[in-house]
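Tertiary structure, described
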Amino acid sequence: MKNGVLTAITAGVILLASCQSNSTAETAKTADSTENTNTNVATTATPVDVSKIKVADAKTILARKQVPILCYHQVRNWKPTDGKVGKDYIVEVQNFKDQMKMLADSGYHTILPDQLYAYLNTGAALPSKPIMLTFDDTDLDQFTIVNPTLKKLGYKAVYFIMTVSIGRKGKFVDYMSSDQIKQLSDEGNIIGSHTYDHKNFKKYAGKDWEEQLDKPTKRLEEITGKKMTEFAYPFGLWNAEGIPELKKRGFRMAFQLSTKRDEKDPLFTIRRIIASGYWSPKTLSNSIKNSF
């Protein structure tokens, strides 16, 4: 693992903390309800064919009620060496399991990007109390701890992969292998791109588009056998100038963190909130309700 990658991610934690403070800044617009009155909908609905969906205008998309989307990083027990800021992005194992149980007991149903895309563009019905679970940075614990926990609940998730770390053993954390990433995909989870080495999207120029988007996309498509259509911005940071580059490469949606969505390209500035390592299941429940 390159030291620069770990330095970039550590620096990103501080940037993320700043972004997270704005998690309730954008008031959810409420033209349409995301709830379906049919309570017998499966936890994750039948895959949606989105190939023929026409992208709606920005005003229509922004008017739909936002679906809660959670962002996780590491799921492991805290260590004495973990700093105060770092713990915000490390959810301890039992707390994570309790958070997922709270979601299930509260009637939340996980959805995947195809369902979100169809809903935002056409108003397609979603399961009752929809929620999307996303996991960034390729951490091994997402395979060894997160995946078994979600399986027990019938939940699916989106894993945003940083390709430089695939199969690496790090000083502070180990990372998933290609085979583990493929297994997640084969089991019905979605794999998305999270760049090569977490470089700030707002600083891309020249060959960065190839190194941070094209090469990672090719590798992930080779691993999964599936087209990459979702992207997550490193540190949650984005700029409008870069969105055309994502569109050019066939991405359908891009996920930031908690800042206001772009009024012209809401599909490429979809909001998430970080599930803090300091939050109890009750606090997480309140944060979901307050943020979306």
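About the thresholds
- One numbering rule holds for all chains: residues counted from 1, following each sequence as written.
- The predicted origin of the model limits local features to residues at a pLDDT of at least 70 and limits the giving and counting of side-chain atom pairs to 80 or more, whereas totals for whole chains, interfaces and linings rest on all residues.
- Based on all heavy atoms of the structure, the side-chain values leave hydrogens and waters out of the count.
- For the purposes of this entry, the term helix denotes a DSSP run of H or I that reaches at least four residues, the term strand denotes a run of E that reaches at least two, and both are numbered from the N terminus.
- When accessible area is computed with a 1.4 Å probe and restricted to protein chains, residues below 20% of their type maximum are described as buried, those above 50% as exposed, and intermediate ones as partly exposed.
- Two residues qualify as a contact provided that any one of their heavy atoms is within 4.5 Å of a heavy atom in the partner residue.
- For the area figures, the Shrake-Rupley method with a 1.4 Å probe applies, and any residue is considered shielded solely by the protein chains shown.
- Two rings belonging to Phe, Tyr or Trp (six-membered ring only in the last case) form a pair when the distance between their centres is within 6.5 Å. Interplanar angles under 30 degrees mark stacking, angles over 60 mark edge-to-face geometry, and anything in between is tilted.
- Each cavity reported here is a set of points on a 1 Å grid over the protein atoms alone in which a 1.4 Å probe fits but cannot get out, each pocket an open set with protein on both sides within 12 Å along at least five of seven lines, and each lining residue one with an atom within 4 Å of a point.
- Grid points are joined across faces, edges and corners, and a volume is the space filled by probe spheres set on the points.
- Throughout, the ten residues Ala, Val, Leu, Ile, Met, Phe, Trp, Tyr, Cys and Pro are labelled nonpolar, Asp, Glu, Lys and Arg are labelled charged, and all others, Gly among them, are labelled polar.

1. Re the overall build of the chain
The helix and strand tally for the chain stands at nine helices and ten strands. A buried classification covers 56% of the 292 residues belonging to the chain. For the chain, the share of sequence-separated contacts (at least 6 apart) that also reach a separation of at least 24 residues comes to 71%. Accessible surface, the chain as shown: approximately 12,900 Å² in total, 52% of it carbon and sulfur.

2. Observations regarding the packing of aromatic side chains
In this structure the tally under the stated criterion is 13 aromatic pairs. Seen in terms of ring centroids, Phe201 and Trp209 are 5.6 Å apart; in terms of plane orientation they differ by 85 degrees. Their pairing is edge-to-face. Taken as a pair, Phe201 and Trp209 share a single burial class, namely buried. A ring pair is formed by Phe201 and Phe231, whose centres lie 5.8 Å apart and whose planes are at 55 degrees; its orientation type is tilted. Placement of the pair is Phe201 in the loop between β7 (190-193) and α7 (208-224) and Phe231 in strand β8 (residues 230-232), with a sequence separation of 30 residues. Overall, Phe201 belongs to the buried group, its relative accessible area being 1%.

3. Some remarks on empty space enclosed by the protein
To locate leftover empty space, one rolls a probe as large as a water molecule over the atoms. Tallying each qualifying case throughout the model produces one cavity of 30 Å³ or more. The space that makes up the largest cavity amounts to roughly 100 Å³. Around the largest cavity, the lining residues are Arg64, Lys65, Gln66, Val67, Ile69, Leu116, Leu120, Arg261, Pro266, Ile270, Arg271 and Phe292. Looking at the lining of the largest cavity, its residues break down into seven nonpolar, one polar and four charged.

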